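# Working through the structure, step by step
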Amino acid sequence: GENVEQHPSTLSVQEGDSAVIKCTYSDSASNYFPWYKQELGKRPQLIIDIRSNVGEKKDQRIAVTLNKTAKHFSLHITETQPEDSAVYFCAASIGSNYQLIWGAGTKLIIKP
Amino acid sequence: GAVVSQHPSRVICKSGTSVKIECRSLDFQATTMFWYRQFPKQSLMLMATSNEGSKATYEQGVEKDKFLINHASLTLSTLTVTSAHPEDSSFYICSASSGYNNEQFFGPGTRLTVL
């Protein structure tokens, strides 16, 4: 079945710098790739997503890139701010029931 | 739009009791609902997928007789943890999908503590 690997598990960056989190997936049939931000004790919140017919998508300071050939996708956060500190999860969707296969998560720490 | 509520937000119970968690889509019809469990510092683990009016599909290793799921309407799914034990203590989160655009909308989660 589908497997999603996410790296790094922890990422510490200086405020104002960029952060990049990478994920790879195993099933070439996956066609939907969301990124979620989860703060401690709260629900995951969708921050950006991309579909397999697009190579890049941007929303203000957040961007996602997708390489279907290599089967990997990345989250880019520019001009990081303290409120960006959270755990970020990537996921891939396959199947008619839209199940999400989740990455293990990346704890992003923004240093002031 | 796309609001999902979950109740209760927190429950503490004695070992051996059953706990029911409700998940509601407030402003859309959820053809599919998902139940996840999340242990501290870990990712979300899908427990089961439920479609309105049919039996839930459980993931491997999840006991269907212990985690009873009912999806009686397009806006409500319930998860009942039967005969709860301390190892069932976890953060349970539901999500709902309208079947459009793949997107899942998450409830706020239920923190279950079994003493």
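The notes below deal with the structure included here.

About the cut-offs
Residues numbered from 1 in each chain as written. Chains lettered and ligands numbered in written order. Predicted model: local features only at pLDDT ≥ 70, side-chain atom pairs only at ≥ 80, totals over all residues. Heavy atoms only, no water. Helix = DSSP H or I, 4+ residues; strand = E, 2+ residues; numbered from the N terminus. Rg over C-alpha atoms; globule rule 2.2 N^0.38 Å. Pairing = 2+ DSSP bridges. Axes fitted to C-alpha atoms, helices over the stretch in contact; angles between N-to-C directions. Phe/Tyr/Trp six-rings, centres within 6.5 Å; stacked < 30°, edge-to-face > 60°. Buried < 20%, exposed > 50% of the residue type's maximum accessible area, 1.4 Å probe, protein only. Lys NZ or Arg CZ within 6 Å of the ring centre and 35° of its normal. Contact = heavy atoms within 4.5 Å. Buried area = accessible area lost by both parts, 1.4 Å probe. Salt bridge = Lys/Arg side-chain N within 4 Å of Asp/Glu carboxyl O. Polar contact = N/O pair within 3.5 Å; in protein donor to acceptor, adjacent residues only side chain to side chain. Nonpolar A, V, L, I, M, F, W, Y, C, P; charged D, E, K, R; others polar. Disulfide = S-S within 2.5 Å.

## Quick notes on the overall build of chain B
Regarding its fold elements, chain B presents 0 helices and 11 strands. Secondary structure elements in chain B, listed N-terminal to C-terminal, are β-β-β-β-β-β-β-β-β-β-β. The C-alpha radius of gyration of chain B comes to 13 Å, within 12% of the 13 Å expected for a compact globule of 115 residues. Taken along the three principal axes of its C-alpha coordinates, chain B extends 40 × 25 × 25 Å.

## What to know about the sheet that holds strand β8 (residues 76–81) of chain B
All names here are of chain B. Within the open sheet, the 4 strands sit side by side as β1-β3-β8-β7. Their pairing is antiparallel. Since the sheet does not close on itself, it has two edges, and those belong to β1 (4–7) and β7 (67–73), each with one partner. Between one strand axis and the next, the sheet turns by 15° as a mean value, whatever way the strands run.

## Digging into the packing of aromatic side chains
Taken as a whole and judged by the stated rule, the model has 12 aromatic pairs over all chains. With 5.1 Å between their ring centres and 35° between their planes, Tyr36(A) and Trp102(A) make a pair best called tilted. Of the two residues, Tyr36(A) sits in strand β4 (residues 32–38) while Trp102(A) sits in strand β10 (residues 99–102), which places them 66 residues apart along the sequence. Across the pair, exposure class does not vary: Tyr36(A) and Trp102(A) are buried alike. Note on Tyr36(A) and Phe106(B): the rings are 5.3 Å apart at their centroids and 80° apart in plane angle, and the pair reads as edge-to-face. Of this pair, Tyr36(A) sits in strand β4 while Phe106(B) is found in strand β10 (residues 105–106), placing the two residues in two different chains. One exposure class covers both Tyr36(A) and Phe106(B), and it is buried. Of the aromatic side chains, those joined through ring pairs into one cluster are Tyr36(A), Phe89(A), Trp102(A), Tyr36(B) and Phe106(B). Its end group placed over the ring of Phe67(B), Lys66(B) keeps NZ or CZ at 5.9 Å from the ring centre.

## Regarding the interface of chain A and chain B
Across the contact, 19 residues belong to chain A and 24 residues belong to chain B. Between chain A and chain B lies a buried interface of about 1,700 Å² when both sides are counted; carbon and sulfur atoms form 48% of it. At the surface where chain A touches chain B, the tally comes to 0 salt bridges. For the interface between chain A and chain B, the tally reads 7 residue pairs in polar contact (both at pLDDT 80 or more). Contributions of two or more residues to the side of chain A that touches chain B are made by β4, β5 (45–51), β9 (86–94) and β10 of chain A. Along the lines of polarity and charge, the residues of the side of chain A that touches chain B split into 9 nonpolar, 7 polar and 3 charged.

## Focus on the pattern of salt bridges
All names here are of chain A. A complete count under the given rule lists 6 salt bridges over all chains for this structure. Between glutamate 39 and lysine 42 there is a salt bridge whose closest N-O contact spans 4.0 Å. With a closest N to O distance of 2.9 Å, aspartate 49 and lysine 57 form a salt bridge. The class for lysine 57 is partly exposed, based on a relative accessible area of 36%. Residues joined by salt bridges that share partners form a network here, namely Lys37, Glu39 and Lys42.

## Description of the state of the cysteines
Residue and element names in this part refer to chain B. Inspection of the entire model under this criterion finds 2 disulfides over all chains. Cysteine 23 shares a disulfide with cysteine 94; S-S distance 2.0 Å. In this structure the cystine formed by cysteine 23 and cysteine 94 twists about its S-S bond by roughly 80°; its chirality is therefore right-handed. Taken as a pair, cysteine 23 in strand β3 (residues 19–25) and cysteine 94 in strand β9 (residues 90–97) lie far apart in primary sequence, 71 residues in all. As far as burial versus exposure is concerned, cysteine 23 and cysteine 94 are alike and both buried. There is no disulfide at cysteine 13, and the cysteine sulfur nearest it, in cysteine 94, is 18 Å away.

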